[in-house]
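Coordinate analysis (summary)
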Amino acid sequence: MSDELIDPDIRKAHTLPSRFYTEESVFSEVVAGFSKCWHFAAHVSQLTEHNVLPLEHMERFVGEPMLLTRDDGFRCLSNVCTHRGMLVSTEACSASVLRCGYHGRTFGLDGCMRNMPEFGDVESFPGSSDNLREFDLKRWNGLLFAGNGPSRFADCLAEIESRVGWMPIESFEHDPSRHRSYEIDANWALYVDNYLEGFHIPYVHGDLHEELDYDSYRTELFEGGVLQVGIARGTESCFELPESSPDHGQRIAAYYYWLYPGLMLNFYPWGLSVNLVIPISVNRTRIVYHGFIWDHSRLGKGAGGGLDKVEEEDQGIVEAVQRGVMSGTYDRGRYSPTKETGVHHFHRMLAS
Ligand code: FES
Ligand SMILES: [Fe+2]
């Protein structure tokens, strides 16, 4: 028998102990580990209309207020004014300089301090510590990822590239009308657990079940994430896959990517829905959706059609599970070896 918390053999394994969903100390320890991960920052089209975009969610993930600027390129900067710590920007805007609203210090879009009122007599000023600190930023097919000294990330992007890299992701357009922000009374990992299996689709999502071929639904594991492939029952609402696609000839309705810890990239024939799972506390989680359109004529159809309804159904389940895992009668369950490989993979990552 394996002495690991989650046995690598799914047939022998027991699910994650309920303390992962209910105990403050376990929650804090897990979330502290997020600071070394890369996180989704934005799609480049979110910086078309504006050139300054504060990234509130990064504060939850890495403990640092950050913002993006677009000038000759994209930069991820600290959103903390170097004078007395005010947040430099609290909403998206277009500006040629960043101006702190507290005492008027200005910074270039590259983060360099430009001007500060009433500081004429200050010695050795400005110095390099008066500039806004710059964070790591990576760009992949129009998606920007940021981190604070994060560890490596390249492998899972190569995985996604090989599968959906043929899509013109870079030119997808941000659609603010598809933005959603929800708060639910549940631990973030329960939301991820639920996302990582299609097992519940026939029981929870009647309409989605009519679109997807349940028996063909596939789950693929890779380092740092999980891909679920939804196969359409009909031929109407699927991708027109080019020959270069490894899935050419199949009726694919959706590619559901999850990357540790809380990023979901859902590719549909109409475009991309990015979902961020943002931990607020041990039993409270914010879910943020951003939508990026590829083909307007395919909106509202197929597996990616009724997203609000599916979301509501999932949230109802996840909140009820939170109440369940707090019970004294429940600690751990078992996995279905055919339907819960994604959940098992995630639990192995969490437990290590
Ligand atoms: S805190 Fe920004 S100018 Fe004073
Ligand atoms: Fe669901």
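Relevant structure appears above.
Residues numbered from 1 in each chain as written. Chains lettered and ligands numbered in written order. Predicted model: local features only at pLDDT ≥ 70, side-chain atom pairs only at ≥ 80, totals over all residues. Heavy atoms only, no water.

**Re the coordination of the iron ion (ligand 2)**
Metal coordination angles in their ideal form are 109.5 degrees for the four-donor tetrahedron and 90 or 180 degrees for the six-donor octahedron. Condition: Metal donors: N, O and S atoms at distances within 2.8 Å, or within 3.2 Å for Na, K and Ca, with water omitted from the atom set so that some sites may seem incomplete. Labels for metal geometry use angle windows, namely 85 to 135 degrees for all angles of a four-donor tetrahedral site, and for square planar (four donors) or octahedral (six donors) sites opposite donors over 155 degrees apart plus all others within 65 to 115; sites meeting none of these are irregular. Think of it this way: any DSSP run of H or I at least four residues long counts as a helix, any run of E at least two long counts as a strand, and we number them from the N terminus. Partly exposed residues are those whose accessible area sits between 20% and 50% of the maximum for their type, while under 20% is buried and over 50% is exposed, using a 1.4 Å probe and protein chains only.
Coordination of the iron ion (ligand 2) by the protein involves H200 (NE2), H205 (NE2), D314 (OD) and D314 (OD), with metal-donor separations of 2.0 to 2.6 Å. Taken together, the 4 donor atoms coordinating the iron ion (ligand 2) span angles of 54 to 152° at the metal, a pattern that classifies the geometry as irregular. Motif for the iron ion (ligand 2), donor spacing along one chain: H-x4-H-x108-D. With H205 in the loop between α6 (201-204) and α7 (206-211) and D314 in helix α8 (residues 307-325), this pair connects stretches of sequence that are 109 residues apart. With respect to class, H205 is no different from D314; both count as buried.

**Regarding empty space enclosed by the protein**
Remark: the empty space left among the atoms is shown by a probe the size of a water molecule rolled over them. Note the threshold: With a 1 Å grid laid over protein atoms only, a set of points is called a cavity when a 1.4 Å probe fits there but cannot get out and a pocket when it is open yet has protein on both sides within 12 Å along at least five of seven lines; lining residues have an atom within 4 Å of a point. Grid points are joined across faces, edges and corners, and a volume is the space filled by probe spheres set on the points. Note that Gly is not counted as nonpolar here; it falls among the polar residues with everything else outside the nonpolar set of Ala, Val, Leu, Ile, Met, Phe, Trp, Tyr, Cys and Pro and the charged set of Asp, Glu, Lys and Arg.
In the structure shown here, the tally under the stated rule is 2 cavities of 30 Å³ or more. Volume-wise, the largest cavity comes out at about 310 Å³. As for the largest cavity, its lining consists of 21 residues, and the residues nearest its centre are Y195, L208, Y256, V310 and D314. Contributing elements (two or more residues each) for the lining of the largest cavity: α5 (188-195), β15 (263-268) and α8. Ranked by the residues each element gives to the lining of the largest cavity, the list is headed by α8, at 4 residues. Class assignment for the residues of the lining of the largest cavity results in 11 nonpolar, 7 polar and 3 charged. Volume-wise, the second largest cavity comes out at about 40 Å³.

**A few points about the side chain of S89**
Which entries qualify depends on this criterion: Pairing of N or O atoms within 3.5 Å defines a polar contact, subject to two protein rules: one partner must be a possible hydrogen donor and the other a possible acceptor, and residues neighboring in sequence count only if both atoms are side-chain atoms. The contact rule is simple, with two residues in contact once any of their heavy atoms fall within 4.5 Å.
Looking at where S89 falls in the secondary structure, it is placed in the loop between β4 (74-78) and β5 (98-99). Taking the relative accessible area as the measure of exposure, S89 reaches 7% and is therefore buried. Polar contacts involving the side chain of S89 include one to the main-chain carbonyl oxygen of E91, which spans 3.2 Å. Each residue touching S89, except ones within four places of it in the same chain, is listed here: V52, P54, L67 and N79.

**Some points on the nonpolar core**
Note on soluble globular proteins: their nonpolar side chains tend to be buried together. Using the following cut-off: In this text, buried Ala, Val, Leu, Ile, Met, Phe, Trp, Tyr and Cys residues form a nonpolar core when linked through side-chain atoms within 4.5 Å. In this entry, domain limits derive from an automatic or database-based domain assignment.
Formed by 96 residues in total, the largest nonpolar core has its most connected members in W188, Y255 and F267. When residues of this core are assigned to domains, at least three map to each of domain 1 (1-32 + 174-352) and domain 2 (38-150). Excluding residues within four positions of it along the chain, W188 makes contact with F27, V30, V31, F34, P261, V277, P279, T285, F346 and L350. Formed by 12 residues, the second largest nonpolar core is a distinct cluster that contains V52, C100, F107 and M116.

**Looking at the pattern of salt bridges**
Pairs can form between side chains of opposite charge once their charged atoms are near each other. In plain terms, the rule: The working definition used for a salt bridge is a side-chain nitrogen of Lys or Arg within 4 Å of a carboxyl oxygen of Asp or Glu.
Tallied over the entire structure, the rule returns 17 salt bridges. For R286, the salt bridge identified is with E56, shortest N-O distance 3.9 Å. Here the residue R286 occupies a position in strand β17 (residues 284-293), and E56 occupies one in helix α3 (residues 56-62), the gap between them amounting to 230 residues. Note on R286: relative accessible area 17%, which makes it buried. A cluster of three or more residues bridged by salt bridges with shared partners is formed by E56, E183, D185, R284 and R286.

**Thoughts on the sheet that holds strand β6 (residues 106-107)**
The criterion, for reference: Two strands make a pair as long as DSSP finds a minimum of two bridges between them.
Strands sit in the order β5-β6-β7 across an open sheet of 3 strands; the sheet is antiparallel. Edge positions in the sheet fall to β5 and β7 (113-115), since each of these pairs with one other strand and no more.

**Quick look at the layout of surface pockets**
If you add up the space inside the largest pocket, you get close to 770 Å³. Together, 32 residues line the largest pocket, and Q46, L53, P54, H179 and H290 are the ones closest to its centre. Going through the elements one at a time, β2 (52-55), α3, β10 (173-174), β16 (271-281) and β17 are the ones with two or more residues in the lining of the largest pocket.

**Things to note about the packing of α5 against helix α9 (residues 341-351)**
Our working rule: Interaxial angles span 0 to 180 degrees and are taken between N-to-C directions of axes, which are lines fitted to C-alpha atoms, for helices over the stretch in contact. An angle counts as roughly parallel when it lies under 35 degrees, as roughly antiparallel when it exceeds 145, as roughly perpendicular when it falls between 65 and 115, and as oblique in every other case. Here is the rule for handedness: rotate from the far helix to the near one, and if that takes an anticlockwise turn smaller than a right angle the crossing is left-handed, while a clockwise turn gives right-handed.
Orientation of α5 relative to α9, taken along the N-to-C sense of each, is 150°, at an axis distance of 9 Å. Between α5 and α9, the angle falls in the class roughly antiparallel. In this structure, the crossing between α5 and α9 has a hand that is right-handed. Seen from α5, the contacting residues are W188, A189, V192 and D193; seen from α9, they are V343, F346, H347 and L350. Its residues assigned to classes, the contact of α5 with α9 shows 6 nonpolar, 1 polar and 1 charged.

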